Structure formats: structure tokens, C-alpha cells
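Listed below are the residues making up each chain.
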Amino acid sequence: MQIMKKCILTLGLLLLGSATLCAQSMQLTLDQALEIALSDNPTVQIAEQEIERYDYVKQQTWGNLLPQISATGQYVLSVVKSEMRGGLSFGADNTFTFSGDVSLPLFAPQIYRTLKLNKTQLAAAVESARATRIDLVAAVRIAFYNILLAEQSLEVLYESEATVQQTVNETQLKFENGLASEYDLLTAQVQLSNLQPTILQTKQAVEVAKLSLKMYLSLPEQVEIEVVGELNQMRDIVFAGGDLTTDISENSSLRQLDLQAELLQRQLRVANASRMPTLAAFGQVSFSGNDMEAISLFGGGTPSKYKFFWTNPISVGVALSVPIFSGFTKSAQAKSIKNQIGQLEMQRSYVQQQIDVQVRNAISSVMTAREKMFAQENTMQQAEKAYGISETRYNAGAGTMLELNMSRLNLTQARLNFSQAIFDYLSAKAEYDKIIGREN
């Protein structure tokens, strides 16, 4: 019985610990979210592995310049040997052969140029990883800002709901004492009911935004996250980030196209190098033994058995290989690469024009969002002042419930518009940083 109680208690503790783990929450600043994403996101890890792969490719090419050593062993059993007339046979019953070969390239232009090609491939993989990080940083920033927007909007709606609820309670009391009309009470109740769908929709928006951020951070869905920060703080940080520029020299798309063009030039040099002669040194050593049987010519034709006869020849030399004709395959390969180079030049010119337009549109979006944000901030201050006046007039009996409801609605909308304007500015700035190739 005691054992059963202990088992039940242990199981209960395990379940409690599991529930606590699933319900645990983690707080995240924007910098922490970026750090987690850049270390745990699968796209970044794949890009890093691609860099590592090209490093191995370079090592593989470099290995072709090192000595190539091989060893072989062979055993031969003669089942039927060659015989001459009179029963004279040649060859051995058992033969053992061991040999070793070594070769060393002395002049291999194709390998030399392939090494330079591998270096450019590695640089292209590094730039591709950089592009992945830039895209991820922009996505995480926007997802983080989206959570702050949804939570700040939800807070504004909750404040508005509390204010409207207080107005409903006060109007109810006045209506019961004959100081307010039924119309005023119904108007306040309708306004309170109208807030509920918006609040539910905003709650859902918060959950969706958090799921999006969890995806970029590779966090399990059951882990609750709480973002730290406010849109106003983020706005001030972005304002201090420096002036806007049209310099696109760090744009990752253009840099990848430049590296791709360099890769094609390297491939063309490798293809041309295949027409050049190669020179290699080689050496060979062998060790063989056999039990040769022969007829002794001085012993009256009596067969004489030699147990084992061993030889160990050693040879060295150089080999020159000169390509002469390969069915026009090398020239066709070179023409194909030149064709790709021409296509890439046209593609880069067109992409540069597109990015020039994109960066100018991004700057325009940032400036427009900034001006809109300032205008919405001024509008919100005016709406706060107007609501204060209407509330004072209503409490003094000089204003109507319609005036109070309208001013409260305008204030709520102005606060939501201000939050949206900050989000639009931050998102436009993140998109601008992505286009010009800024990682941080």
C-alpha cells in the first residue's frame, strides 16, 4: 500500500513538473529574439552548412596536388601451365605479387584554376548566408513589431472598454434617478457591445503574431513568449539609426550576381585550362615471388624445383599528357559559359535598375510613414484634449451623451492610428535596411 502511494505521488510530481514546463513563459527583447533566430533558425543553419560544404570541396581539390599512393596485392595459381613438346613446361604453380604506385602532379593548370574557382564558390556561399541572415533579421523585426502593435492596440481597447463600462454604470445610475434618458443609456450600452468583437479580433491577432515569431525563433508552440518593449521606444531607437542613403553597394542580390559572374569567369578559365598539357612524376615498386619449375639441361633432363624466386623491380619517371583533339567538346563548353556570362550581365543590369527603384520607394515609404506618425501623434493629443472637454461638459450637464461617445470613439481611433503609424514606420525602416543590405 505504501509503495502504491509513493508511486502515485511520484507520478503526480512528474505530471506537475511537465505541466509547469509546458506553461513556462520566456521574456524576449528584440535583441534577444534576433540572437535566438540567428542561432537556431533552420535557414541560417543550412546556410552555415553550405559554407562548410564548399570548404570541403576546396580541400578535395587541394588533395589532387598531393601525392597519390596506391598498393595492390595479387596471388595467381596456375591450374594448367604452358607445355612444349617433350613435357617441358613453363611458368610457376604459385605466384605472389605486391606492388606500390605513387604519382605527383608537377604541372596541372586545371587544378590550380579549380582552386581559385573553389575560393569564389566559398565566397558565394558566405554571401548567400549573409542574405539569409538579412532576410531573417527583417522578418523577425516585423514580427516583433507586429506583436507590440497588437498588444498596444489591445491595451487601448481595454482602456476604452473600462471607460465605457464606467460610463454605462454612471448612466444607469442617472437613468434610475431620472437624470438621464433611456436613449443615453442605450447608446452607452451599444458602444460597449461594439467594442467586444474588436477586442476578440485583436486578441487573435496577438496569438497569430506570437506564432509567427516562434516560427522564426524555432520555439515550440507550447512555450509562451512575452515581448519586452514599446513601439515608442522602438521608434526612438530607429530615429537614432542614421540618415537614409541610396547606396546599394551592400545589397546582397547584387553582390551574389557579381560573385556568380566571377564564378562563370573562373569556370571559363578552368575549361580553357583543360586544353593545356599536364606533367606528372610517377614511381612504381613491386615485389613478386613464384615457385618456378624447369628442366635442368645439364642434369640429364631431370626436373629441378626452385622453391621461390623473388624479384623487386623499381621504376620512376615523368609523364606528359598533351590534349590534341576531343571532338570540339572543350570549345563548345567554353562557348556555353560565355553565353551564360552574357546573360548574367544583362540580368545584373536589370536587377540593379529594379533595386534602385526599390530603395527609392523604400526611402519614400519611410519618410511618408514618419510624417504620418507625427501627424497621428498630433491628432491623438487633440483627441485627448477634446475628450477631456466633452467629459467635463457632460458631467456639468452642458454636454450630451452623443458628444461624449463621439469624442471617446475619436480618441480610441486616434490612439490605434498612432500605434499603427509607428508600426508602419518601423516596418518600412526594416524593409529599407533589408534592401540596402544592412544586417544589424
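Residues numbered from 1 in each chain as written. Predicted model: local features only at pLDDT ≥ 70, side-chain atom pairs only at ≥ 80, totals over all residues. Heavy atoms only, no water.

Colleague: Where do I start with the pairing of strand S6 (residues 224-227) in this structure?
Modeller: Along a regular strand, successive side chains alternate from one face of the sheet to the other. Side-chain alternation along S6 places Ile 225 and Val 227 on a buried face and Glu 224 and Glu 226 on a face that remains uncovered. Two elements, strand S1 (residues 25-28) and S6, share four bridges in a ladder whose sense is parallel. Paired with Ser 25 across the two strands is Glu 224, which belongs to S6. (Buried < 20%, exposed > 50% of the residue type's maximum accessible area, 1.4 Å probe, protein only. Helix = DSSP H or I, 4+ residues; strand = E, 2+ residues; numbered from the N terminus. Pairing = 2+ DSSP bridges.)

Colleague: How do you make sense of a positive patch on the surface when you look at a structure like this?
Modeller: Taken together, the side chains of Lys 58, Arg 113, Lys 116, Lys 119 and Arg 269 present a region of like positive charge at the surface. In terms of residue count, the dominant contributor to the positive patch is helix H4 (residues 109-176) (three residues). (Patch = residues over 30% accessible without salt bridge, like charges linked within 9 Å, V, L, I, M, F, W, Y side chains within 5 Å. Areas by Shrake-Rupley, 256 points an atom, 1.4 Å probe, with all protein chains shown as cover. Salt bridge = Lys/Arg side-chain N within 4 Å of Asp/Glu carboxyl O. Lys, Arg positive; Asp, Glu negative; His and termini not counted. Charge placed at Lys NZ, Arg CZ, Asp CG, Glu CD.)

Colleague: Could you clarify how one ought to interpret the confidence of the model for the chain in this entry?
Modeller: Of all residues in the chain, 88% attain a pLDDT of 70 or more, and the chain-wide mean is 85. Low pLDDT, under 50, characterises residues 1-23; the predicted model gives this stretch one contact beyond four residues in sequence or across chains. Every residue in residues 294-302 is under pLDDT 50, and counting partners more than four places away or in other chains gives nine contacts. (pLDDT = per-residue confidence, 0-100. Contact = heavy atoms within 4.5 Å.)

Colleague: Explain the environment of Val 228 here, please?
Modeller: Note on placement: Val 228 falls in the loop between S6 and helix H6 (231-239). Discounting chain neighbours no more than four positions away, the residues touching Val 228 are Gln 27, Leu 28, Thr 29, Phe 144 and Met 234.

Colleague: For this particular structure, what's the right way to read helix H5 (residues 182-217)?
Modeller: Residue pairs spaced three or four apart in an α-helix point in one direction, given the helix's 3.6 residues per turn. Across its 36 residues, H5 extends 53 Å between first and last C-alpha, which sits within 8% of the 52 Å expected from 1.5 Å per residue. Residue Ser 218 follows H5 closely and has a positive phi angle near 60 degrees. (Expected span 1.5 Å × (residues − 1).)

Colleague: What am I meant to see in the packing of aromatic side chains here?
Modeller: By convention here, two paired aromatic rings are described through the distance between centres and the angle between planes. Under the counting rule described, the total for this entry stands at three aromatic pairs. Ring centres of Phe 287 and Trp 310 lie 5.1 Å apart, and the angle between their planes is 15 degrees; this geometry places the pair in the stacked category. On the criterion of sequence distance, the pair formed by Phe 287 in strand S7 (residues 278-295) and Trp 310 in strand S9 (residues 309-311) is long-range, its members being 23 residues apart. Trp 310 sits in the partly exposed class, given a relative accessible area of 41%. Each ring, one from Phe 325 and one from Phe 328, has its centre 5.2 Å from the other, and the planes form 90 degrees; the classification is edge-to-face. Look at Phe 325 and you get exposed, because its relative accessible area is 62%. Positioned over the ring face of Tyr 54 is Arg 53, at 4.5 Å from the centre of the ring. (Phe/Tyr/Trp six-rings, centres within 6.5 Å; stacked < 30°, edge-to-face > 60°. Lys NZ or Arg CZ within 6 Å of the ring centre and 35° of its normal.)

Colleague: Please clarify how unusual backbone geometry should be interpreted in this entry.
Modeller: Note on backbone geometry: most residues besides glycine have negative phi, and most peptide bonds are trans. Positioned with a positive phi, Ser 218 is a non-glycine residue whose angle comes to about 60 degrees. Backbone geometry at Phe 328 places phi at a positive 65 degrees, although glycine is not the residue there. Within the secondary structure layout, Phe 328 lies in the loop between strand S10 (314-321) and helix H8 (329-395).

Colleague: In this structure, what is going on with the nonpolar core? I would like to understand it.
Modeller: Buried together is how nonpolar side chains tend to be arranged in soluble globular proteins. Among the nonpolar cores identified, the biggest contains 61 residues, and Val 140, Phe 144, Leu 213, Leu 217 and Leu 426 are the most heavily contacted of them. In contact with Phe 144, other than residues within four places in its own chain, are Leu 28, Thr 29, Leu 30, Ala 33, Leu 213, Val 227, Val 228 and Met 234. (Core = buried A, V, L, I, M, F, W, Y, C linked by side-chain atoms within 4.5 Å.)

Colleague: Would you take a moment to explain the environment of Ser 286 for this structure?
Modeller: Turning to its location among the elements, Ser 286 is positioned in strand S7. Ser 286 sits in the buried class, given a relative accessible area of 18%. Considered as a pair, Ser 286 and Asn 312 are 26 residues apart in the sequence and their alpha carbons are 5.3 Å apart. With near-sequence residues (within four places) excluded, Ser 286 lies in contact with Phe 98, Ser 99, Thr 311, Asn 312 and Pro 313.

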